[in-house]
Amino acid sequence: MDSDFEIFLVAPPGLEPHLAAEARAAGFDGVTEQAGGVALRGGWAEAMRANLDLRGAVRVLVRFASFRAMHLAQLDKRARKVDWSAILRPDVPVKVEAVCRASRIYHHKAAAQRIARAITETLGAPLAEDASVRILARIDDDLCTLSIDTTGDPLHKRGHKEFVGKAPLRENMAAMFLAECGFDGSQPVVDPMCGSGTFVLEAAEIAAGLQPGRSRTFAFEQLALFDPAALAALRRPAPDRTPEPRFLGFDRDQGAIRGAAANAARAGLSAWCRFACQPLSALERPDGPPGLVMINPPYGARIGERKQLFGLYGALGTVLKERFRGWRVGIVTSDAGLAKATALPFLEPGPQVAHGGLKVQLWRTAPLP
Ligand SMILES: C[S@@+](CC[C@H](N)C(=O)[O-])C[C@H]1O[C@@H](n2cnc3c(N)ncnc32)[C@H](O)[C@@H]1O
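Everything numeric here is computed off the predicted structure, so don't read it as measured data. (Residues numbered from 1 in each chain as written. Predicted model: local features only at pLDDT ≥ 70, side-chain atom pairs only at ≥ 80, totals over all residues. Heavy atoms only, no water.)

**Here we look at the packing of aromatic side chains**
Here is step 1: For the coordinates displayed, the defined rule picks out 8 aromatic pairs.
Here is step 2: With 5.1 Å between their ring centres and 10 degrees between their planes, Phe218 and Phe220 make a pair best called stacked. Per residue, the accessibility class of Phe218 equals that of Phe220, and both read buried.
Here is step 3: With a centroid separation of 6.4 Å and 40 degrees between ring planes, the pair formed by Phe247 and Trp272 is classed as tilted. Of the two residues, Phe247 sits in strand E9 (residues 247-251) while Trp272 sits in the loop between helix H8 (254-266) and strand E10 (273-277), which places them 25 residues apart along the sequence. No difference in accessibility class separates Phe247 from Trp272, as the two residues are buried.
Here is step 4: An aromatic cluster of at least three residues, connected via ring pairs, comprises Phe183, Phe247 and Trp272.
Here is step 5: It is Arg49 that lies over the ring of Phe28; its NZ or CZ is 4.0 Å from the centre. (Phe/Tyr/Trp six-rings, centres within 6.5 Å; stacked < 30°, edge-to-face > 60°. Buried < 20%, exposed > 50% of the residue type's maximum accessible area, 1.4 Å probe, protein only. Helix = DSSP H or I, 4+ residues; strand = E, 2+ residues; numbered from the N terminus. Lys NZ or Arg CZ within 6 Å of the ring centre and 35° of its normal.)

Put into structure tokens, the structure is as follows:
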């Protein structure tokens, strides 16, 4: 067992470059972009820190073993040689998942079953379908790589958002889109259609210097080597910053506004955020320096809605051009035609990112003339 692993950060597909930039800025070593995520080098401490600190990752995998396996009997034999007791606890349920690609072993369920049996028969850990500790086996070109998911519930679940609204954006995507718009914590942010408040809350957390994983638990807490003192040492107290209420969320739905304000309170961000029920037509530019308008308007996935939404996107463009000179705009939508209906001066659109069965894209502007 080596304590210098390849650690793989799963990214929302399309946002790998932003996650790589975040990991580099956070001081991780050997950061390289790969399809579907970002690889870096480190030990268990780095894996814990990635879970606690990175805003863009979906989950953090530690690749702890790899060996050739040409057939199931060989997989069975080599899986039994792995020192499972160095990773798993005999009393904590585990689940094994496998994928096979371009390999002589092609039956992923049989492969997962062999590895699961090796774990139960050598270590004694029970198997459970709903286990939060998961071993992931990838058999690619006859090379079996074993990873452990150190995260559990995906990292966009920060632990504060009990109210989720109708079509919430995931927190990790919101954070990456804010970064793509140049947000560094110093600018004000307005979301005129905030729903559960995702953009406003992520932006306020960044400004307040809070760790995204500060309120939740992680699968690594159930692993053999887990040291609560090491995790405690990675937790940072909230920095001493005077809250500035420059993160504003509006929505025409009173229920969404109540929910967003409750989410902010749970996150300890009430002093940084303001939420109010108001339609787009009432949106005014806040006093103070220009900042960023971030919006995830309705997309109209249902038939018949799209036509009406052209009016809404057109009105959005007019309001922003007339009242938000000097501000930058970021719009996240699955519909390029609707984005263009704003007639805003967009830069090149961002990559398409899978989100809830759709592909969304960020459309951003430079400061509006
Ligand atoms: C896709 S949801 C936003 C979800 C949000 N980003 C989140 O993470 O929860 C779109 C929101 O736009 C709001 N909305 C639609 N038309 C509006 C209007 N004319 N004025 C203000 N809000 C509006 C809806 O009530 C809804 O909450």
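**A closer look at the site of the ligand**
Here is step 1: Around the ligand, the structure places 19 residues, and the nearest of them are Leu169, Ser196, Thr198, Asp251 and Leu280.
Here is step 2: Here an oxygen atom of the ligand sits 2.9 Å away from a polar atom, N or O, in the main chain of Leu169.
Here is step 3: At 2.6 Å from an oxygen atom of the ligand is found a side-chain nitrogen or oxygen belonging to Ser196.
Here is step 4: Isolated, the ligand exposes 610 Å² of accessible area, and the fraction of that covered by the protein chains is 91%.
Here is step 5: Considered class by class, the residues forming the shell around the ligand number 11 nonpolar, 5 polar and 3 charged. (Near = heavy atom within 4 Å. Polar contact = N/O pair within 3.5 Å; in protein donor to acceptor, adjacent residues only side chain to side chain. Areas by Shrake-Rupley, 256 points an atom, 1.4 Å probe, with all protein chains shown as cover. Nonpolar A, V, L, I, M, F, W, Y, C, P; charged D, E, K, R; others polar.)

**Topic: the side chain of Thr365**
Here is step 1: Structurally, Thr365 is set in the segment after strand E14 (358-364).
Here is step 2: Residue Thr365 is classed as buried on the basis of its relative accessible area, which comes to 4%.
Here is step 3: What Thr365 contacts, discounting residues up to four positions off in sequence, is Trp327, Arg328, Val329, Leu344, Pro345, Phe346 and Leu347. (Contact = heavy atoms within 4.5 Å.)

**Brief notes about helix H3 (residues 72-81)**
Here is step 1: Within H3, the full set of buried residues consists of Gln74, Leu75, Asp76 and Ala79.
Here is step 2: Along its buried surface, H3 packs onto strand E4 (59-68), helix H4 (108-122), strand E6 (133-140) and strand E7 (143-149).

**Focus: the nonpolar core**
Here is step 1: By size, the foremost hydrophobic cluster in this structure holds 55 residues, and its most contacted members are Leu9, Trp84, Leu88 and Leu146.
Here is step 2: Ranked by residues supplied to this core, first place goes to H4 with 6 residues.
Here is step 3: With sequence-adjacent residues up to four places away left out, Leu88 is seen in contact with Val94, Ile119, Leu123, Val133, Ile135, Ile148, Leu223 and Ala224.
Here is step 4: Among the nonpolar cores identified, the runner-up in size contains 38 residues, and Phe177, Cys181, Phe199 and Cys273 belong to it. (Core = buried A, V, L, I, M, F, W, Y, C linked by side-chain atoms within 4.5 Å.)

**Some points on the pairing of E14**
Here is step 1: When strand E12 (residues 328-333) meets E14, the two strands line up antiparallel, connected through 4 bridges. Paired with Thr333 across the strands is Gln361, a residue of E14.
Here is step 2: In terms of strand pairing, strand E13 (residues 353-355) meets E14 through 3 bridges, oriented antiparallel. Pairing of His355 across the sheet is with Leu358, part of E14.
Here is step 3: As consecutive antiparallel partners, E13 and E14 are separated by 2 residues, and within that stretch Gly356 has a phi angle of approximately 55 degrees, a positive value. (Pairing = 2+ DSSP bridges.)

**Quick look at the sheet that holds E12**
Here is step 1: The strand order across the open sheet built from 7 strands is E10-E9-E8-E11-E12-E14-E13, with neighbouring strands paired in mixed fashion. At either margin of the open sheet sits one strand with a lone partner, and together these are E10 and E13. The average angle at which neighbouring strand axes cross in this sheet is 20 degrees, direction not considered.
Here is step 2: Bridge analysis of strand E11 (residues 292-295) against E12 gives 4 bridges, and the strand direction is parallel. Each residue of the ladder has a partner; that of Leu292, found in E12, is Arg328. (Axes fitted to C-alpha atoms, helices over the stretch in contact; angles between N-to-C directions.)

**Remarks on the domain arrangement of the chain**
Here is step 1: According to the domain assignment, the chain contains domain 1 (5-149) and domain 2 (171-212 + 239-364).
Here is step 2: Here the C-alpha centroids of domain 1 and domain 2 sit 35 Å apart.
Here is step 3: Opposite the 14 residues of domain 1 that make contact, domain 2 presents 16 residues.
Here is step 4: For the pairing of domain 1 and domain 2, the buried interface totals around 1,200 Å² over both sides, and the portion due to carbon and sulfur atoms is 62%.
Here is step 5: There are 2 salt bridges connecting domain 1 and domain 2. (Domains from an automatic or database assignment. Buried area = accessible area lost by both parts, 1.4 Å probe. Salt bridge = Lys/Arg side-chain N within 4 Å of Asp/Glu carboxyl O.)

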